[in-house]
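# Structural overview for review
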Amino acid sequence: MGNKWGLRLHFIFVTIFLVTATNTGLSARNTTVACFEHERLALIKFKQSVTDRNGMLSSWVGNDCCRWKRVMCDGVTGNVDSLHLRGDFSVSFGEYLVSKALGTSLRELKHLKYMDLSGNVFYGSRFPKFIGSLKQLTYLNLSNAGFSGIISHHIGNLSNLKTLDLSSDIYNVHDLIAHDVSSISRLSSLEHLDLSYANLSQTKILDVVLYQTLSLKVLSLSRCGLVIDERDLLRNLSTTLSNIEHLDLSWNYFTSQLPHFFQNMTSLQSLELSFIPLSATSNFVNLLNMIPSSLELHLSYCNNQETHLSHVFHNLTTLSNIQHLDLSSNNLPGSIPLSVRKLKSLQVLDLSSNKLTGHVPTFPQKLTELHLSGNDLNGSIPVSIGQLSKLRSLDVSHNSLEGVVFESHFANLSMLKDLNAAFNNKLIINVSHEWLPPFQLIQIDLTSCQIVNGFPQWLRSQRELHRLILYNTTISGPLPTWLRKMPNIPFLDLSHNNISGPLTNLPSGVTNIDDDWYFFNQRLFLQNNTFYESIPWSLCKRTDLLYLDLSNNKLTGEIPKCFKNLHGLQFLRLNSNELSGILPSFIGNFSMLKLLNLNDNNFSGEPPEDIWRLSWLNVLDLGDNALCGKIPKWIGEKMKGLWVFRLHNNNFTGEIPRSLCTNSELQILDVAHNNLRGAIPHCLGELQGMVNDHYLVDFGEGTEEALTQIVKGIALEYTSNWYYFTNMDLSSNKLSGEIPVQLTALSGLVGLNFSNNHLSGGIPDNIGNMTALISLDFSGNELSGWIPPSIAALTFLSHLNLSNNNLSGRIPTGNQLQTLIDPSIYGGNKYLCGDPLPNNCSNQQDPTAIAKKKYETANEPNMVWFYMDITWGFAIGFWGVIIVLMLKKQWRRKLFVFAEETMDKIHVAVKTRS
């Protein structure tokens, strides 16, 4: 899309000079006058009051502050007049300042004209009142810095201020509040005002304030909680807004029809009303009639599904001046009218994410950006597209386009920088090997298009690529040798093709891409090809790689030692290859790693201790190797953010550590097919990631994660939807003891597999509480007792296996169980009866009671001798005592005395209580 602030030229011209003057490190102007001592001390005190991330103020040493970076002084007087302290908080390893309270030392800079503190972290710091004393300020930018509280009325003292930016955005929301902004009306020179995301919901006199600010040309009030009603809040704005050139009211609300003050905005060039409901056709079309002079119009997400696109273009005179038109994400129906080509001034057109159908028409020649993605356009791409000589960006992705794309489609696109034809389309890219395009692309995405003639040879001329995505484009054969000499491509995706050979021909040249963009887009996706041989050392040159996916190839050998240089890795997938050797200890040094998948290789030995210390890890999959050793007891203490823990099919021994229970977000626990012993920890029932809502895992654009899980008795691979899946698989170990009843609290669990262990006891009575279960397998254990009737409450259950246990009694019926008619799921339980088994439970009699009766009958002679033994024992004991008392006089006397004393004590106790 075009720059939505592109028409604020009056503001841009003011700042171009300042930016140009500071282009070389924001250093001071040439001056023979040293800075004043009191100003230097004020800056030093400010430096001491903040935490300086990555050395933004590292040059602030020495006696002459006019030579410090980010500080500028007046060339004549030597006074500090500019502070360029814009931070890069949103950028990893960016420079920014942190403080909970902005010190007041900057109030000493009385001659300051320009101050930019945006993009730093002053969260919790109140809006600085001292700024009202800097009366020479013409530019003040405190945006996205985390200031909160009420906007101070002292700001009204800045009578020279031309630009005031107190805005935030969706990622840096703060709590600036304006109950009374009458002080802004005193800013007689103000031309640019941005209060986006400030809370203006309680402001009662906004119309009066703006009525008095006659110099205002740019006004941005996006997402300020405004309820815009021309009868109340904005009834006096018609005169004020006649000077406005740019107006942004997006993310607010109109209580009635469109306010009539738009009719008097004769200077308006850019209007932003996105995310304001304009569902009525009259509102949408009438707006175009109200602002015929507008050059730029943003109406995305305005809920305009009632408006046919042909209505918008019905009266072309209302759009005769339009240069930038954004109607994206409105569910607009219909086709793109042929009359669109008559909009001679149109430069940017965004119709993406609607419900448009039909063919792609011819567009006006001045078009620089065309966004048609996310519709249902069909047919072929017209050759007329190739005549748009000024076109820089073309996006036709996510449509139903088809046909062959030839060289003629690109004939005159010498300005093209961004090309996106990805997904859903059935386009065939057919150009000759000799063709050299007229453009130099920066970004290209041809996902799911069909590229004929092998690897596209025309890419050899594209030396400015930042992003190349050829996902699933039917490319086969080896990588061309010329690719090795190409400049490094930060975002490279060649996955899901049939590219073969070694990896030695990957681009390795130096790139001159902007540092921030380069850092955030260091991604290499080569999965699902047929690359073979070992991983080359040349790959280690990309030391800033964030995402590396080499999975599902035929790579061999060990993980190269030089991988230790990839210290910034966040996502590493080497699974489904033929890699071998032990896991290197340096993996534990990838401190930013969030996903590690080494599944389905030939790794052996014990994992190094350091690998268990990856504290940021969300997914750990070491399954299907030959690894051994014990799961460390402290694993949960280090890896507290695990979503997936998978050691499936290895040789791990010992017990399941209780510390795993501290991984409250764990969704998938798979330690099946190992040699684990001991009881199942009861505390696994506390895993909140397996209760109710599941966590949505997103590792970023271009990434994918496939997990193989044994569900419904077969191995299923979960790819794009695995993060909705919760599973606990402890099968094929040597676990013993009972099934913990606490596990039935895991109401979000989809799969539960404890098969082929040595578990005993019964199935928990409240198993029916696990209402999300689709697959349940307790087969091959030593479970006994009845099958709990509550199992019939598992209405989603489609796979059940209780075979080969010692279960007994009638099989419960009802609900989903009626559909599970395979008798083998209950086989190997001698005393089970009822459907679907052939042995009926006759006369509704409990087979357990029958078995008990047979046992008693078989053992009846033994019971007779048992009772005879008791009788003889009692007789011998009783008469033995009597005979002794008859023969021993002294014993008789002592017995009688003891009996008499005891009766006396009882008698006294009774009398006392009564």
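Residues numbered from 1 in each chain as written. Predicted model: local features only at pLDDT ≥ 70, side-chain atom pairs only at ≥ 80, totals over all residues. Heavy atoms only, no water.

### Focus: the overall build of the protein
Applicable threshold: In DSSP terms, a helix is any run of H or I states spanning at least four residues, a strand is any run of E spanning at least two, and both are numbered starting from the N terminus. Working definition: with a 1.4 Å probe on protein chains only, accessible area under 20% of the residue-type maximum means buried, over 50% means exposed, and in between means partly exposed. Every residue pair with non-hydrogen atoms within 4.5 Å of one another is taken to be in contact. Values of accessible area rely on a 1.4 Å probe in the Shrake-Rupley scheme; residue burial ignores everything except the protein chains shown.
For the protein, the helix and strand inventory stands at 11 helices and 55 strands. With 914 residues in all, the protein has 52% of them scored as buried. Long-range pairs, those at least 24 residues apart, make up 61% of the contacts in the protein between residues at least 6 apart in sequence. Working note: accessible area of the protein is about 41,100 Å², and carbon and sulfur atoms make up 53% of it.

### A few points about the environment of H648
Of note, H648 is situated in the loop between β41 (644-646) and β42 (651-654). H648 gets classed as buried once you look at its relative accessible area, which sits at 8%. Placed 25 residues apart in sequence, H648 and H673 show a C-alpha to C-alpha distance of 5.9 Å.

### Structural notes on the side chain of S373
Along the chain, the position of S373 falls in the loop between β19 (369-371) and β20 (378-379). Leave out the neighbours within four places in its chain, and S373 touches S352, S353, D395, V396, S397, H398 and N399.

### Notes on unusual backbone geometry
Cis geometry is adopted by the peptide bond preceding P836, which originates at D835 and carries an omega value of 5 degrees. Within the secondary structure, P836 sits in the loop between β55 (831-833) and α9 (847-858). For Y301, which is not glycine, the phi torsion reads 55 degrees and is therefore positive. Summarising the element assignment, Y301 is placed in the loop between β16 (296-298) and α6 (309-312). What makes Y301 partly exposed here is its relative accessible area of 46%. A positive phi angle, close to 55 degrees, is found at N472, a residue other than glycine. Tracing the sequence through the fold places N472 in the loop between β27 (467-469) and β28 (476-478).

### Things to note about the state of the cysteines
Under the convention used in this document: In this description, the term disulfide denotes a pair of cysteine sulfurs within 2.5 Å.
A complete count under the given rule lists five disulfides for this structure. Through a disulfide, C540 is tied to C562; the S-S separation comes to 1.9 Å. Across the disulfide from C540 to C562, rotation about the S-S bond amounts to roughly 55 degrees, and the bridge is consequently right-handed. Residue C540 is found in the loop between β32 (530-534) and β33 (547-549), and its partner C562 is found in the loop between β34 (554-557) and β35 (571-573); the two are separated by 22 residues along the sequence. Disulfide partner of C833: C841, at an S-S distance of 1.7 Å. Taking the torsion about the sulfur-sulfur bond, which here is approximately 100 degrees, the covalent link between C833 and C841 counts as right-handed. The disulfide pattern of the protein is 1-2, 3-4, 5-6, 7-8, 9-10 when the bonded cysteines are numbered in sequence order.

### Topic: the sheet that holds strand β26 (residues 450-451)
Note the following rule: Strands pair, by our definition, only if DSSP identifies at least two bridges between them.
If you walk across this open sheet you meet the four strands as β20-β22-β24-β26, and the pairing is parallel. What marks the edges here is a single partner per strand, and that holds for β20 and β26. Where strand β24 (residues 426-429) and β26 come together, two bridges link them in parallel fashion. Across the sheet, the residue bridging to I429 is I451, located in β26.

### A closer look at the environment of W634
Mapped onto the elements of the fold, W634 is located in the loop between β40 (626-630) and α8 (635-638). Owing to a relative accessible area of 23%, W634 belongs among the partly exposed residues under this scheme. Along the sequence, W634 and W612 sit 22 residues apart, while their C-alpha atoms lie 8.7 Å from each other. Once you skip the residues sitting within four places of it in the chain, W634 turns out to touch E609, W612, R613 and S659.

### A word on the pairing of strand β44 (residues 675-679)
One ladder, built from two bridges, connects β42 with β44; its direction is parallel. Residue pairing for β44: T653 is matched across the bridge by N675. Pairing geometry for β44 and strand β48 (residues 734-738), over three bridges, is parallel. Bridging across to β48, A679 finds its partner in S736.

### Re the confidence of the model for the protein
Do not read the fine detail of predicted coordinates wherever pLDDT is low. Quick reminder of the rule: A score between 0 and 100, pLDDT records how confident the predictor is in each residue.
Per-residue confidence for the protein gives a mean pLDDT of 84, with 78% of residues at or over 70. Below pLDDT 50 for its whole length, residues 718-722 participates in 15 contacts with residues either more than four positions away or in separate chains.

### Examining helix α2 (residues 37-48)
Note the cut-off: By this rule, a helix spans an expected 1.5 Å times one less than how many residues it contains.
If you check α2, its first and last C-alpha atoms are 16 Å apart, about what 12 residues at 1.5 Å a residue would give, namely 16 Å. Residues of α2 that are buried sit in contact with β2 (71-73), β3 (80-84) and β4 (96-98).

### Examining the pairing of β48
The side chains of a regular strand alternate between the sheet's two faces. Of the pairings in the sheet, the one linking β48 to strand β50 (residues 758-760) comprises three bridges and is parallel in character. Counterpart to G737 in the pairing with β50 is L759.

### Thoughts on the pattern of salt bridges
We apply this condition: Between Lys or Arg on one side and Asp or Glu on the other, a salt bridge is scored when a side-chain nitrogen of the former is within 4 Å of a carboxyl oxygen of the latter.
On inspection of all chains with the given rule, the structure shows 10 salt bridges. The residue E464 makes a salt bridge to K417 at a minimum N-O spacing of 3.6 Å. Of this pair, E464 sits in the loop between β26 and β27 while K417 is found in the loop between β22 (400-405) and β23 (418-420), placing the two residues 47 residues apart along the sequence. With a relative accessible area of 30%, K417 lands in the partly exposed category. Put simply, R646 and D670 hold a salt bridge, and the shortest N to O gap is 3.4 Å. Residue R646 is found in strand β41, and its partner D670 is found in strand β43 (residues 668-670); the two are separated by 24 residues along the sequence.

### Describing the environment of V360
In this fold, V360 is placed in the loop between β18 (348-350) and β19. Distance in space between the C-alpha atoms of V360 and G379 is 7.6 Å, their sequence separation being 19 residues. Ignoring anything within four residues of it in the chain, the contact list for V360 reads L372, L377, N378, P382 and L401.

### Examining the packing of aromatic side chains
Geometrically, a pair of aromatic rings is defined through the distance of the ring centres and the angle of the planes. Keep this limit in mind: The aromatic pairing rule takes the rings of Phe, Tyr and Trp, using the six-membered ring of Trp, and pairs them if the centres are within 6.5 Å, calling planes under 30 degrees apart stacked, those over 60 edge-to-face and the rest tilted. Whether a charge sits over a ring depends on NZ of Lys or CZ of Arg being within 6 Å of the ring centre and within 35 degrees of the ring normal.
On inspection of all chains with the given rule, the structure shows 17 aromatic pairs. With a centroid separation of 5.8 Å and an interplanar angle of 75 degrees, the aromatic rings of F410 and F439 are classed as edge-to-face. Remark: F439 occurs in the loop between β24 and β25 (443-445) and F410 occurs in the loop between β22 and β23; sequence separation between them is 29 residues. Accessibility expressed as a relative area gives 1% for F439, which makes it buried. Cluster of aromatic residues (ring-pair linked, three or more members): F410, W435, F439 and W458. Over the face of the ring belonging to F491 we find R467, whose NZ or CZ atom lies 4.5 Å from the ring centre. The lysine or arginine in question, R523, covers the ring of Y547, its NZ or CZ lying 4.3 Å from the ring centre.

### Looking at the sheet that holds strand β54 (residues 806-810)
Read from one edge of the open sheet, three strands run β52-β54-β55, paired in parallel fashion. Edge positions in the sheet fall to β52 (784-785) and β55, since each has one partner strand and no second. Bridge count between β52 and β54: two bridges; the pairing is parallel. Bridge pairing in β54 places G785 opposite L807.

### Description of the side chain of S659
Definition in use: Polar contact is defined as a pair of N or O atoms within 3.5 Å, subject to the rule that within protein one atom must be able to donate a hydrogen and the other to accept it, and that residues adjacent in sequence are counted only when both atoms are side-chain atoms.
Along the chain, S659 turns up in the loop between β42 and β43. What makes S659 buried here is its relative accessible area of 11%. Separated by 2.3 Å, the side chain of S659 and the backbone oxygen of K633 make a polar contact. Residues contacting S659, with those up to four places away along its chain left out, are P632, K633, W634, I635 and G636.

### With respect to the nonpolar core
Where we set the bar: Definition used in this section: a nonpolar core is a set of buried Ala, Val, Leu, Ile, Met, Phe, Trp, Tyr and Cys residues joined via side-chain atoms within 4.5 Å.
Among the nonpolar cores identified, the biggest contains 218 residues, and F363, F645 and M728 are the most heavily contacted of them. Elements supplying a minimum of two residues to this core: α2, β2, β3, α5 (281-290), α6, β22 and β24. Broken down by element, this core gets its largest block of residues, three residues, from α5. Setting aside anything within four residues of it in sequence, one finds F363 in contact with I336, V340, R341, L349, L370, L372, I385 and L388. Core analysis: the second largest hydrophobic core is formed by 13 residues, F525, Y547, L595 and I668 among them.

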